[in-house]
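Read off the chains here:
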Amino acid sequence: MQTLVVAIDRTGDVPGKTGVSLPVSGVETVSDLIVEFGMQDPEDSTVNTLLEALAVGRDIEATGESAVVGIVSGNAENVVSADQAIAKQIEELIETHDPDSAVVVIDSTEDERLLPIIESRIRIDSVDRVVVRQARDLESTYYLLKQFLADEELRGTVLIPIGIVMLVFPAILMLSDVAVAVGSITAVIGTFLLYRGFGVDERLATLSTQARDALYSGRISIVTSVIAAGLALVGIFVGVLGASELPVEGLEFVTVMAFAYYSVPWIALGAMAASIGRLVDEVLRDETIRTASLNLPFGALAMGLVVRGFAAYFLERAAIIDGIVLEPTRIGAITIRGLTLSPEHRLAGFVLLGILVSLLGIGLTSRLTHEGDRDLEAA
């Protein structure tokens, strides 16, 4: 079994400074080339790469296996021509020595990009990266910074916010004191981190794409979504208005319950409108109804009833709203006496009504599903 130990000189320093045509192979030839190249440029890290290739070849032969040491080199013209030259030289070494596998010796992370090229021609058993001990930390930092600057997304995420902060901070500092400047910058950074952390930009991009597709395809859900948004805004406005007109102040819980009591009916109607539009789109597009889509309107209505019931209970107990009073009614000779519902009865009525609506939705969904299954079986 013979192993090819190949040292990579991607930049073409060896043939450029020695005038030797590559590839070369053999311990004596490589040793002479190392001496000549080292005398030309003793500070070049490629000298260490070539010496490491000799050392690896010696270690392999010490185990009783055969090893041949070779050097391949690119050129300084461009990356493509350099990689093509190295690929051609690898093929020459393989044709000359017919090795079973290869050990690749490199001196930088840039050379690692050549590994797929070499591996497509011969099996690679090991990759030996040589880093000069004095320059290990410096080189690692250099390549880390270079990789960071080459990533466009990282540049936009880190460098741009830092640049904006460095520009805005002195301006705010000149117009106000240090506390205001630090607080403003911290708030902006926090907002940006939350914006990126929750993926708001991706959600907005997806939302705009979905809205455009919905407009082009003529989906009714885009109209019902706008209606739902309008009803939700109306609900928020009515809730704020109702909570602001409370006769008592300082009761935050009662204020929240008042907001829920007045706003929930509108918000529930908006949710029903959006879910019905989605349901109609599914029927028109697929001619089938999913169970989840059919349950949505009933679920929205049931939730609205239950939440409004609880909010009404607390407001009635706080004497903010009046109880439900049934006036006496006369039907012919029969007289129905009046009735005043207690807060507990009112709450129980809303909860039961919400449960009935939910059960109605489940029953309707189950019935339609069974009918659809029977139609499929009959077909």
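Conventions and cut-offs
- Residues numbered from 1 in each chain as written.
- Predicted model: local features only at pLDDT ≥ 70, side-chain atom pairs only at ≥ 80, totals over all residues.
- Heavy atoms only, no water.
- Salt bridge = Lys/Arg side-chain N within 4 Å of Asp/Glu carboxyl O.
- Buried < 20%, exposed > 50% of the residue type's maximum accessible area, 1.4 Å probe, protein only.
- UniProt positions renumbered as here; feature names shortened; annotations may be inferred.
- Helix = DSSP H or I, 4+ residues; strand = E, 2+ residues; numbered from the N terminus.
- Phe/Tyr/Trp six-rings, centres within 6.5 Å; stacked < 30°, edge-to-face > 60°.
- Lys NZ or Arg CZ within 6 Å of the ring centre and 35° of its normal.

If you look the protein up in an unreviewed UniProt entry, it shows as DUF373 family protein from Halodesulfurarchaeum formicicum.

Caption draft 1: Geometry of the pattern of salt bridges. Within this structure, the stated rule accounts for 8 salt bridges. Here Arg58 and Asp59 are joined by a salt bridge, their closest N and O atoms 3.7 Å apart. On the accessibility criterion, Arg58 (56% relative accessible area) is exposed. The class for Asp59 is partly exposed, based on a relative accessible area of 44%. Salt-bridge contacts for Arg346 lead to Glu316; the nearest nitrogen and oxygen are separated by 3.2 Å.

Caption draft 2: Broad picture of the UniProt feature "transmembrane region" (unreviewed entry) in the protein. According to UniProt, the feature "transmembrane region" (unreviewed entry) maps to residues 154-172, 178-195, 216-239, 259-280, 292-315 and 347-364 in the numbering used here. Structurally, residues 347-364 is divided into 100% helix and 0% strand, and its ends, taken at the C-alpha atoms, are 26 Å apart.

Caption draft 3: Highlighting the environment of Ser225. Relative to the elements of secondary structure, Ser225 occurs in helix 10 (residues 221-244). With 52 residues separating them along the chain, Ser225 and Gly277 place their C-alpha atoms 7.6 Å apart.

Caption draft 4: Summary view of unusual backbone geometry. Going from Leu22 to Pro23, the amide bond is cis rather than trans, its omega being 15 degrees. Topologically, Pro23 is positioned in the loop between helix 1 (13-18) and strand 2 (24-25). The backbone of Ala319 sits at a positive phi, close to 65 degrees, despite the residue not being glycine. In this fold, Ala319 is placed in the loop between helix 12 (291-317) and strand 6 (325-326).

Caption draft 5: Highlighting the packing of aromatic side chains. Enumeration over the complete set of coordinates arrives at 3 aromatic pairs. Ring geometry for Tyr261 and Tyr262: centres 5.2 Å apart, planes at 85 degrees, overall edge-to-face. When its relative accessible area of 31% is taken as the criterion, Tyr262 is described as partly exposed. With a centroid separation of 5.4 Å and 70 degrees between ring planes, the pair formed by Tyr313 and Phe314 is classed as edge-to-face. Using a relative accessible area of 18% as the deciding quantity, one classes Tyr313 as buried. You can call Phe314 partly exposed: its relative accessible area is 33%. These aromatic residues form a ring-pair network of at least three members: Phe253, Tyr313 and Phe314. We note Arg308 situated over the ring of Tyr261; from NZ or CZ to the ring centre the distance is 3.9 Å.

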